Amino acid sequence: MQFGADQPLWAAWLYYEEGLKQDEIAERLGISRASVFNLLQKARDEGIVTITIDPTRLERADLSVELKEKGGLLECYVLPAGGSAAALYDRIGRLGARILEQKIENDDVIGVAWGRTVMSLSKALSPANKPGVTVAQVTGSSIATYDFSPELCTSNIAARLNARCVNLHAPGVVSNPSMKTLLMQEPIIEQHFTLLRQCTKTLFGVTHLSGPTLLEDSGVMTEELLLQYQKKGAVGFASGYFFDPDGTIIRTGFDDRHIVMPIEDFINVPRRICIGGGAEKITAIQGMLKAALANVLITDQDTARSLCRIL
């Protein structure tokens, strides 16, 4: 074959550098047009091709500026409307990936929580070489099997960045407060939370409490425990903490058993990046912003408009 064995490379070269159309590439390589499409996608996945769009320009859009002011944010990025509701997690995750790629520093310590949108971001990150970056888990692990666990979100991001990965070797929830006290005194756990106090960025999603919630689906909480928070007015959950629409942190006995980055340390992180959106999360994001858990928000256009009306 005249182009050699590396078909993704040649397909990418002909498409991006020589400007050939996909059907022309198919004829040149002696393959189908569908195969050309797949080769171009493979070239992007393998890092042969890197397409660079400056997502920070979204921060200058009128809606982003308005929400930044009303939400007390340092930065706000709003995804243009479009696509299905089911695809929203992935679309926001891709935007979050592009923002993180632009903002990451070579010596960052990035604390990572869990969630579907965080996992989507991890999958959308372009391969990089950031050996000086540390990616650390901010909440304990779960015995439940699901594809957006704290340890998996953390390790995925670290792998894409070729960064140091530090998982938290402790359960997310223990049986009683005394067990949490003892566990937090273990040297390996103390070292982990010392590292978390050095975070320069945190990355997390937000969970709504109306209707089915990830907290139950993931095995973190029972319906009975969740109801205790709802009775106290909680409407959302982010990075280990519940809050009401006014931003008041809601606590129950569950917090005394929950292994998570202390909120006073969390609030001290310079860049606290929340990614999330969707009609069902509007009230939760409102409370999260009023609680000042995030100072950088990445969301979608419809959510941003609704937030601007109620903040």
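Cut-offs applied
- Residues numbered from 1 in each chain as written.
- Predicted model: local features only at pLDDT ≥ 70, side-chain atom pairs only at ≥ 80, totals over all residues.
- Heavy atoms only, no water.
- UniProt positions renumbered as here; feature names shortened; annotations may be inferred.
- Pairing = 2+ DSSP bridges.
- Helix = DSSP H or I, 4+ residues; strand = E, 2+ residues; numbered from the N terminus.
- Contact = heavy atoms within 4.5 Å.
- Axes fitted to C-alpha atoms, helices over the stretch in contact; angles between N-to-C directions.
- Polar contact = N/O pair within 3.5 Å; in protein donor to acceptor, adjacent residues only side chain to side chain.
- Disulfide = S-S within 2.5 Å.
- Buried < 20%, exposed > 50% of the residue type's maximum accessible area, 1.4 Å probe, protein only.
- Phe/Tyr/Trp six-rings, centres within 6.5 Å; stacked < 30°, edge-to-face > 60°.
- Lys, Arg positive; Asp, Glu negative; His and termini not counted.
- Salt bridge = Lys/Arg side-chain N within 4 Å of Asp/Glu carboxyl O.
- Domains from an automatic or database assignment.
- Core = buried A, V, L, I, M, F, W, Y, C linked by side-chain atoms within 4.5 Å.
- Arc of directions from axis to C-beta.
- Patch = residues over 30% accessible without salt bridge, like charges linked within 9 Å, V, L, I, M, F, W, Y side chains within 5 Å.
- Areas by Shrake-Rupley, 256 points an atom, 1.4 Å probe, with all protein chains shown as cover.

- Per an unreviewed UniProt entry, the chain goes by the name DNA-binding transcriptional regulator and belongs to Pararhizobium antarcticum.
- In UniProt, the chain has this text filed under Sequence similarities (unreviewed entry): "Belongs to the SorC transcriptional regulatory family."

A short note on the sheet that holds strand 6 (residues 207-208)
So, step 1. A sheet is described by the order of its strands in space; here four strands give the open sequence 6-7-8-9, paired in antiparallel fashion. In this open sheet, the two edge strands, each paired with only one partner strand, are strand 6 and strand 9 (249-250).
So, step 2. Pairing geometry for strand 6 and strand 7 (residues 236-238), over two bridges, is antiparallel. Bridging across to strand 7, Thr 207 finds its partner in Phe 237.
So, step 3. The sheet contacts of helix 13 (residues 282-290) involve strand 6, strand 7 and strand 8 (241-243), and relative to strand 8 the element is tilted by about 105 degrees.

Section: the side chain of Thr 299
So, step 1. Along the polypeptide, Thr 299 turns up in strand 11 (residues 296-300).
So, step 2. Within polar-contact distance, the side chain of Thr 299 engages the backbone oxygen of Gly 276 at 2.8 Å.

With respect to the state of the cysteines
So, step 1. Going through the model one piece at a time under the given rule, you end up with zero disulfides.
So, step 2. No disulfide involves Cys 153; its nearest neighbouring cysteine sulfur is the one of Cys 165, lying 11 Å away.
So, step 3. Considering cysteine sulfurs only, Cys 165 is the nearest to Cys 199, which forms no disulfide, with 13 Å between them.
So, step 4. Note on Cys 199: relative accessible area 5%, which makes it buried.

Some remarks on the packing of aromatic side chains
In this description, an aromatic ring pair is defined by two values, namely the gap between the centres and the angle between the planes.
So, step 1. According to the stated counting rule, one finds five aromatic pairs in the structure shown.
So, step 2. Here the aromatic rings of Tyr 229 and Phe 242 are separated by 3.7 Å at their centres, their planes lie at 15 degrees, and the arrangement is stacked. Separated by 13 residues along the polypeptide, Tyr 229 in helix 11 (residues 223-231) and Phe 242 in strand 8 bring together distant segments of the chain. In this pair, the class of Tyr 229 matches that of Phe 242, namely buried.

A look at the sheet that holds strand 4 (residues 164-166)
Backbone hydrogen bonds are what pair the strands of a sheet, in a parallel or an antiparallel way.
So, step 1. With parallel pairing, the seven strands of this open sheet are ordered in space as 1-11-10-5-2-3-4. Two strands bound the open sheet, and with one partner strand each, they are strand 1 (75-79) and strand 4. Within this sheet the neighbouring strands show an average axis-to-axis angle of 20 degrees, counted without direction.
So, step 2. In the sheet, strand 1 pairs with strand 11 via five bridges, with the strands oriented parallel. Looking at strand 11, one finds that Leu 79 is bridged to Asp 300.
So, step 3. Its contacts with the sheet place helix 7 (residues 150-161) against strand 2 (109-112), strand 3 (134-137), strand 4 and strand 5 (201-204), and it is angled at close to 175 degrees to strand 3.

Observations regarding the side chain of Asp 255
So, step 1. Secondary-structure assignment places Asp 255 in the loop between strand 9 and helix 12 (263-267).
So, step 2. Salt bridges are absent for the buried Asp 255, whose nearest opposite-charge side chain, Arg 251, sits at 4.4 Å.
So, step 3. Sequence-distant contacts of Asp 255, defined by excluding residues within four places in its chain, comprise Lys 180, Tyr 229, Gly 240 and Ile 250.

Considering the UniProt feature "domain: RNA polymerase sigma factor 70 region 4 type" (unreviewed entry) in the chain
So, step 1. Those residues carrying the UniProt feature "domain: RNA polymerase sigma factor 70 region 4 type" (unreviewed entry) are residues 14-44 in this numbering.
So, step 2. Each end of residues 14-44 is marked by a C-alpha atom, and these two atoms are 14 Å apart; helix forms 77% of the span and strand 0%.

Regarding the domain arrangement of the chain
So, step 1. Structurally, the chain comprises domain 1 (7-46) and domain 2 (55-310).
So, step 2. Between the C-alpha centres of domain 1 and domain 2 there is a distance of 38 Å.

Description of the environment of Ser 120
So, step 1. Structurally, Ser 120 is set in helix 6 (residues 116-124).
So, step 2. Of the residues examined, Ser 120 reaches a relative accessible area of 11% and is grouped as buried.
So, step 3. For Ser 120 and Cys 153, which are 33 residues apart along the polypeptide, the C-alpha to C-alpha distance reads 9.0 Å.
So, step 4. If we skip the residues at most four places from it in the chain, Ser 120 touches Tyr 89, Asp 90 and Gly 93.

Quick word on the nonpolar core
So, step 1. Residues Phe 204, Val 206, Met 288, Leu 293 and Leu 297 are the most contacted members of the largest nonpolar core, which totals 43 residues.
So, step 2. Counting residues per element, the ones that place at least two in this core are helix 4 (62-71), strand 1, helix 9 (187-196), strand 8, helix 12, helix 13 and helix 14 (301-310).
So, step 3. Among the elements that line this core, the one with the most residues is helix 13, at five residues.
So, step 4. Within the second largest apolar cluster, 39 residues are counted, among which are Leu 79, Ile 104, Trp 114 and Ala 124.

Some details on helix 9
So, step 1. When helix 9 is considered as a whole, its buried residues turn out to be Ile 189, His 192, Phe 193, Leu 195 and Leu 196. The arc that holds every buried residue of helix 9, seen down its axis, measures 150 degrees, which confines them to one face.

Regarding a nonpolar patch on the surface
So, step 1. Taken together, Leu 9, Trp 10, Trp 13 and Ile 48 make up a surface patch of nonpolar side chains, about 340 Å² in accessible area.
So, step 2. Mapped onto the elements of the fold, Ile 48 is located in the loop between helix 3 (33-45) and helix 4.

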